[in-house]
Amino acid sequence: MLTLFAGLALAIDTTCDTPQACYEQAQAVDNPRDLGYAEAVEMFWKACEQGHQGACGELGRERPFMYPKQAIEKGLLPACNGGQAAACTLVGRMLSRPDTELFTPDMATSALERACTLGNLDGCLVQADLAMKGTLGSPDPTKAVDIYIRNCDLGHGPSCKAAGDATTQGLGATRSWADAAELYDLGCRAEDPYACFALAELVRRGRGVDKLPSRAASLYDQACKGEVPTACEKAAKYEKRR
């Protein structure tokens, strides 16, 4: 197969005799920013269609929205059923979007429960977010917060942040600035920059914690390094008050 770029021709051979050979060749040339991306997709499909779970997983993780139905049927579901928790999470994400024809609440719920059972904390977080919003049924803030807290206890920063947000609003938990600050602190320690930013906002105002401009500046700086919008400006502003 010939691929043209900047006046140059690059020949990439997509013939392969076995599923494993197709998988290995696809991995060797796979790069979304490189010339081998389309060829990699072709070889991953060849391997997946012959039952190679790794290739199915690659299609599911990397290219689900190019061919959504095919990715679910041939890539994600086989990978999920084979115990790949990340694939289960992606199935759940894709099937839980009400604005698409793929929306299937029961299957989305099952996939996310499996992902969570397999230990994928991102899958647990998606499950909790959907429960909070009621996307797949009636809103259940209490269930959502329970999942957030369980994830947070396992060191999942985004879940600590979500639990803190729920606590500031009194959704599924008693409203408490002090408890929210503790959750944000856990999230920040787990290197979630948005948790650092949320904690900085409480510290800046003295809500649930001591009002300390120097600490707020340090937290904003951590959030800035995580590219949280407006964090860098606030870090600079409160740095002057140290």
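Anyway, here's the lowdown on the structure attached to this text. This is a predicted model, so every value here is computed, not measured.

## A word on the state of the cysteines
Here is step 1 of the chain: Tallying each qualifying case throughout the model produces six disulfides.
Here is step 2 of the chain: The disulfide partner of Cys 152 is Cys 160, and the gap between their sulfur atoms is 2.1 Å. When the S-S torsion is 100°, as for the bridge of Cys 152 with Cys 160, the disulfide is right-handed.
Here is step 3 of the chain: Assessed through its relative accessible area of 1%, Cys 160 is described here as buried.
Here is step 4 of the chain: The partner cysteine of Cys 224 in its disulfide is Cys 232, sulfur to sulfur 2.0 Å. Between Cys 224 and Cys 232 the disulfide shows an S-S torsion of about 85°. By sign, it is right-handed.

## Side note on the environment of Gln 127
Here is step 1 of the chain: On the secondary structure map, Gln 127 appears in helix α7 (residues 121-133).
Here is step 2 of the chain: Considered as a pair, Gln 127 and Cys 116 are eleven residues apart in the sequence and their alpha carbons are 8.2 Å apart.
Here is step 3 of the chain: Those residues in contact with Gln 127, other than ones at most four positions away along the chain, are Leu 112, Glu 113, Cys 116, Lys 143 and Ile 147.

## Points about the packing of helix α11 (residues 193-205) against helix α13 (residues 231-239)
Here is step 1 of the chain: One way to put it is that α11 packs onto α13 with a least axis distance of 12 Å and a crossing angle of 35°. In the crossing of α11 with α13, the sense of the turn from one axis to the other is left-handed. Together, Phe 197, Glu 201 and Arg 204 of α11 and Ala 231, Lys 234 and Tyr 238 of α13 make up the contact between the two elements.
Here is step 2 of the chain: Broken down by class, the residue content of the contact of α11 with α13 amounts to three nonpolar, no polar and three charged.

## Looking at the environment of Gly 157
Here is step 1 of the chain: Within the fold, Gly 157 resides in helix α9 (residues 157-169).
Here is step 2 of the chain: For Gly 157, a relative accessible area of 3% gives the class buried.
Here is step 3 of the chain: Residues Gly 157 and Arg 189, spaced 32 residues apart in sequence, show a C-alpha to C-alpha distance of 7.7 Å.
Here is step 4 of the chain: Residues within four places of Gly 157 in sequence aside, it is in contact with Gly 187, Ala 190 and Asp 192.

## Observations regarding the nonpolar core
Here is step 1 of the chain: With 20 residues, the main nonpolar core has Tyr 184, Phe 197, Leu 199, Leu 219, Tyr 220 and Ala 223 as its most contacted residues.
Here is step 2 of the chain: When contributions to this core are tallied by element, the ones reaching two or more residues are α10 (177-189), α11, α12 (213-225) and α13.
Here is step 3 of the chain: Considering each element in turn, this core owes the most residues, seven residues, to α11.
Here is step 4 of the chain: Ignoring anything within four residues of it in the chain, the contact list for Leu 219 reads Cys 188, Cys 196, Leu 199, Ala 200 and Val 203.
Here is step 5 of the chain: In terms of nonpolar packing, the next biggest core, distinct from the first, is built from 16 residues, Cys 116, Leu 125, Ala 128 and Tyr 148 among them.

## Considerations on unusual backbone geometry
Here is step 1 of the chain: One non-glycine residue, Glu 227, lies in positive phi territory at about 60°.
Here is step 2 of the chain: Along the polypeptide, Glu 227 turns up in the loop between α12 and α13.
Here is step 3 of the chain: A positive phi is found at Thr 230, a non-glycine position, where the angle reads about 70°.
Here is step 4 of the chain: Summarising the element assignment, Thr 230 is placed in the loop between α12 and α13.

## Overview of the pattern of salt bridges
Here is step 1 of the chain: Per the stated rule, a full pass over the model turns up eight salt bridges.
Here is step 2 of the chain: The salt bridge partner of Glu 201 is Arg 205, with a shortest N-O separation of 3.4 Å. With Glu 201 and Arg 205 both in helix α11 and four residues apart, this pair spans about one turn of that helix.
Here is step 3 of the chain: Owing to a relative accessible area of 14%, Glu 201 belongs among the buried residues under this scheme.
Here is step 4 of the chain: Taking the relative accessible area as the measure of exposure, Arg 205 reaches 40% and is therefore partly exposed.
Here is step 5 of the chain: Between Asp 221 and Lys 225 there is a salt bridge, with the nearest N and O atoms lying 3.4 Å from each other. With Asp 221 and Lys 225 both in helix α12, this residue pair falls four residues apart, about one helical turn.
Here is step 6 of the chain: Under the relative-accessibility criterion, Asp 221 is labelled partly exposed at 30%.

Scoring rules and cut-offs
Residues numbered from 1 in each chain as written. Predicted model: local features only at pLDDT ≥ 70, side-chain atom pairs only at ≥ 80, totals over all residues. Heavy atoms only, no water. Disulfide = S-S within 2.5 Å. Buried < 20%, exposed > 50% of the residue type's maximum accessible area, 1.4 Å probe, protein only. Helix = DSSP H or I, 4+ residues; strand = E, 2+ residues; numbered from the N terminus. Contact = heavy atoms within 4.5 Å. Axes fitted to C-alpha atoms, helices over the stretch in contact; angles between N-to-C directions. Left-handed = near helix turned anticlockwise from the far one by under 90°. Nonpolar A, V, L, I, M, F, W, Y, C, P; charged D, E, K, R; others polar. Core = buried A, V, L, I, M, F, W, Y, C linked by side-chain atoms within 4.5 Å. Salt bridge = Lys/Arg side-chain N within 4 Å of Asp/Glu carboxyl O.

Treat this as a map of the structure, not an account of what it does.
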